[in-house]
Structures are given as C-alpha cells and as structure tokens.
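Results of the structural survey
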Amino acid sequence: MRRPDDWHLHLRDGAALHAVLPFSAARFARAMVMPNLTPPLTTTEAALAYRRRILAALPSGVKFEPLMTLYLTDTTPAAEVERAQASGCVLGCKLYPAGATTHADAGVSDVRRIDAVLSRMAELGMVLQVHGEVTDPAVDVFDREASFIDAVLAPLAERHRQLRIVFEHITTRAAVDFVLSGRSGIAATVTAQHLLMNRNALFAGGLRPHHYCLPPLKAEVHRAALLSAVAGGNPRLFLGTDSAPHARHAKEAPRGCAGIFSAHAGIELYAEAFESAGALERLEAFASCHGADFYGLPRNSATLTLVKEPWEVPERYPFGADELVPLRAGERIAWRLARPSAAQ
Ligand code: DOR
Ligand code: ZN
C-alpha cells in the first residue's frame, strides 16, 4: 500500500518520546502531533522547538515528518495563529474543551471566547482540530460526544462556515452522521480501538485500565456505525491512531489516566478492522490518501507492505524508566509489517 500517515498522535517528550517515536516512524511517513504536553504548546515557538526535539529523537536514517499543532486557550491571540501559519510547520490548532481529557486543563472554557481566533483561522485556511466532548459532569460520559455536537460543534461550524474542521477520534453514530452529512470542510479521524472494540472491553474479565481512553469506547451500535462508515470509503474519514502512551503505573491506578498506546501496531490494527468489514481494499485510501487530501498535502509516494501473519504483542515495552502496556498486550494481531527490506 501507499505509505500511510497518522493524523492524530501523542508522542510526549524526553525519554517517553524516544521510546515511542520509532514505532510510529516505522509505519507512518507523517503524523499530526498533538500539543498537550506539560506545559501545553500554546506558542509557535514552543511547537517548533518540540518539532526539533522530535526530529532529533528519530533513529538514524529514519525519515518521518512531524506536523505540528497549536494548543488553543481562552487567551490565544489571533497573531499567534498567524505566526503558526507563517511557520509552515504548524498545520492546525487543537481545541480541547477545558478539562475534557489528559492535560486539557488549560483548554478553552467557552468556545465563544475564541470566536475571533476562529474567524482568523478560517481566513488563513488553518484547520481546527476538535476534541469533541462536553465537560459538564452532569452529562453521562457516554453521551458527551453527542451532546458536544448539538451544544458546541454544530453551532460553531455554522458561525464559521469557511472554517475547516477535523472532528478528532469520533466514536458515535451521531458523529458519523454529523461529519458525513455536514457542510464541506468538515472531516474526522477514527482510531483503531473505536473500530475494533466496544465498551464491553472496559470490563472484560475485570476492570481494564488499558482500554480506557477519551472519548471512551462506546456501545456496539456505535462501533458498527463507525466501521461501516470507514468501510464505505467516505473521503471525509481518515486514520488518526490517537496513540497516547502513559506509564503502566499511571494507568493501573485508582484514577488511571485516559489513553491507549497503539503505535506499536498503528497500521496493523486498522488492517484487522477493515478486513473484518470485508473492506481491505478501502484501507489504503483511508490511511494514506483522505487525510493528505484534506490537509492539502501531497500523498506519500513510498510504499509499505503488510503481511497477514499473526504475531504476539509483548506484555510491555520499555518507556524511559517506566514501562508501557500496549494494546493487545500478550495477545495476537493478525497482520504484521513486512521486514524492512521487503517494504522498500
Ligand atoms: O485518551 C486520551 N488520551 N484522550 C485524549 O484526548 C488525550 C490522550 C492523552 O494525551 O493521553
Ligand atoms: Zn488525542
């Protein structure tokens, strides 16, 4: 297949970055790197410095292009978005509703506060990437995405009709309907975990912290809607792993962190999902074409080869001084990468 890109990825920093980056770089030519570090990447300068650290952490001889994002806050000035756009390396601005997820405390408390910034983004053609969950604790956790569409995203998309929007890691039938039937300029990323698992996986055989991410896994009807939408080949849907590594002890804790690490099988897991839907021939466009087209970037010309040959995922990977539990730890994945010589 044409070499894929990951349109939603968490790489972290320091030793964690060094531990996880090789997995993504072995599979994807480019990745849209999320800005929720501590402190968050709220300036172009910080995003560019992080980009340099990512490039410096690449194994020698490995080519991989990090595409950067800016973290929006209540006080992001429009001039910062202009600087980001002018840098040529920052391709989007991420909207985290304040408190919605990991390291989202500095996010936006009310989107109306950033209307002027959104207007400028629309004029510049800068993409808005949205974590789509309301934060009202009174709203059921499994309803927060659907609620966000009605309360925030649909009105925002109407107020800013020229703004290009990626609804990140969609998880519900409501989100599929919103994206597929919406105005032009709206697209979405879909993770492998939301195509492969429903919320039963959170409780299968006991409480499963390594299946906990945000937005959380949803009921089967939603998983089925997502899978049939991507299998249908709609160009508004593209690959975004949302691979989000956390140290094992931070996941296996009384208040375990949200985030599933999937970069070790970042394309292989999607191959399983598409195969299960009888739509393997649609994998390439989803993984390697739709996202590049949406962001106005060239499609990759290199290729990658997947082989249908099951392999056992390790129980843990090293993660700096810690360890990391990958998705499917100790279990099998049906597809693997061809050895590098065959993939060239
Ligand atoms: O599960 C998640 N983990 N969802 C997010 O939105 C953030 C991510 C992280 O950074 O750990
Ligand atoms: Zn994410």
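Quick note: structure is the one above.
Nothing here was measured: the structure is a model prediction, and the numbers come from that model.

**A closer look at the overall build of the protein**
Across its full length, the protein carries 13 helices and twelve strands. A globule of 344 residues ought to have a C-alpha radius of gyration of about 20 Å, and the protein, at 19 Å, matches this closely. By its C-alpha atoms, the protein is 50 × 45 × 40 Å across when sized along the principal axes. Sorting the 344 residues of the protein into buried and exposed places 56% on the buried side. Long-range pairs, those at least 24 residues apart, make up 71% of the contacts in the protein between residues at least 6 apart in sequence. Per element, the accessible surface of the protein, about 13600 Å² overall, is 52% carbon and sulfur. Counting 36 positive and 36 negative side-chain charges, the protein places the averaged centre of each group 3 Å from the other.

**Quick word on the pattern of salt bridges**
Any two side chains of opposite charge can pair if their charged atoms end up close together. Within this structure, the stated rule accounts for 18 salt bridges. Between arginine 83 and glutamate 80 there is a salt bridge, with the nearest N and O atoms lying 2.8 Å from each other. Of this pair, arginine 83 and glutamate 80 are both found in helix α3 (residues 78-87), three residues apart, which corresponds to roughly one turn of the helix. By relative accessible area, which is 45% here, arginine 83 ends up partly exposed. The buried category is assigned to glutamate 80, whose relative accessible area is 6%. Among the charged side chains, a network of salt bridges with common partners joins Arg248, Glu252, Arg316 and Glu323.

**Side note on the nonpolar core**
Ranked by internal contacts, the top residues of the largest apolar core, which has 97 residues, are Leu11, Leu95, Met121, Leu128, Phe167, Ile170 and Ile267. Among the elements that take part in this core, helix α1 (residues 14-25) stands out by supplying seven residues, more than any other. Setting aside its immediate chain neighbours within four residues, methionine 121 contacts Val81, Cys93, Met126, Val127, Leu128 and Leu163. Core analysis: the next-biggest nonpolar cluster, separate from the first, contains 15 residues, Tyr71, Val127, Val166 and Ala292 among them.

**Some details on the packing of helix α5 (residues 144-159) against helix α6 (residues 173-181)**
As a packed pair, α5 and α6 sit with axes 9 Å apart at the nearest point and diverge in direction by 20°. Our classification of the angle between α5 and α6 gives roughly parallel. The crossing of α5 and α6 is right-handed. Taken together, the residues of α6 that come into contact with α5 (itself represented by Glu145, Ala146, Ile149, Leu153, Ala154 and Ala157) are Ala174, Ala175 and Phe178. Partitioning the contact of α5 with α6 into residue classes produces eight nonpolar, no polar and one charged.

**Some details on the site of ligand 1**
Around ligand 1, the structure places 13 residues, and the nearest of them are Arg12, Asn36, Thr101, Leu214 and His246. Between ligand 1 and histidine 246, the relevant distance is 2.7 Å, taken from an oxygen atom to a side-chain nitrogen or oxygen of the residue. The contact in question runs from an oxygen atom of ligand 1 to an N or O atom on the backbone of glycine 259, over 3.2 Å. Alone, ligand 1 offers 290 Å² of accessible surface; in the complex the protein occludes 100% of this.

What counts as what
Residues numbered from 1 in each chain as written. Chains lettered and ligands numbered in written order. Predicted model: local features only at pLDDT ≥ 70, side-chain atom pairs only at ≥ 80, totals over all residues. Heavy atoms only, no water. Helix = DSSP H or I, 4+ residues; strand = E, 2+ residues; numbered from the N terminus. Rg over C-alpha atoms; globule rule 2.2 N^0.38 Å. Buried < 20%, exposed > 50% of the residue type's maximum accessible area, 1.4 Å probe, protein only. Contact = heavy atoms within 4.5 Å. Areas by Shrake-Rupley, 256 points an atom, 1.4 Å probe, with all protein chains shown as cover. Lys, Arg positive; Asp, Glu negative; His and termini not counted. Charge placed at Lys NZ, Arg CZ, Asp CG, Glu CD. Salt bridge = Lys/Arg side-chain N within 4 Å of Asp/Glu carboxyl O. Core = buried A, V, L, I, M, F, W, Y, C linked by side-chain atoms within 4.5 Å. Axes fitted to C-alpha atoms, helices over the stretch in contact; angles between N-to-C directions. Parallel < 35°, antiparallel > 145°, perpendicular 65-115°, else oblique. Left-handed = near helix turned anticlockwise from the far one by under 90°. Nonpolar A, V, L, I, M, F, W, Y, C, P; charged D, E, K, R; others polar. Near = heavy atom within 4 Å. Polar contact = N/O pair within 3.5 Å; in protein donor to acceptor, adjacent residues only side chain to side chain.

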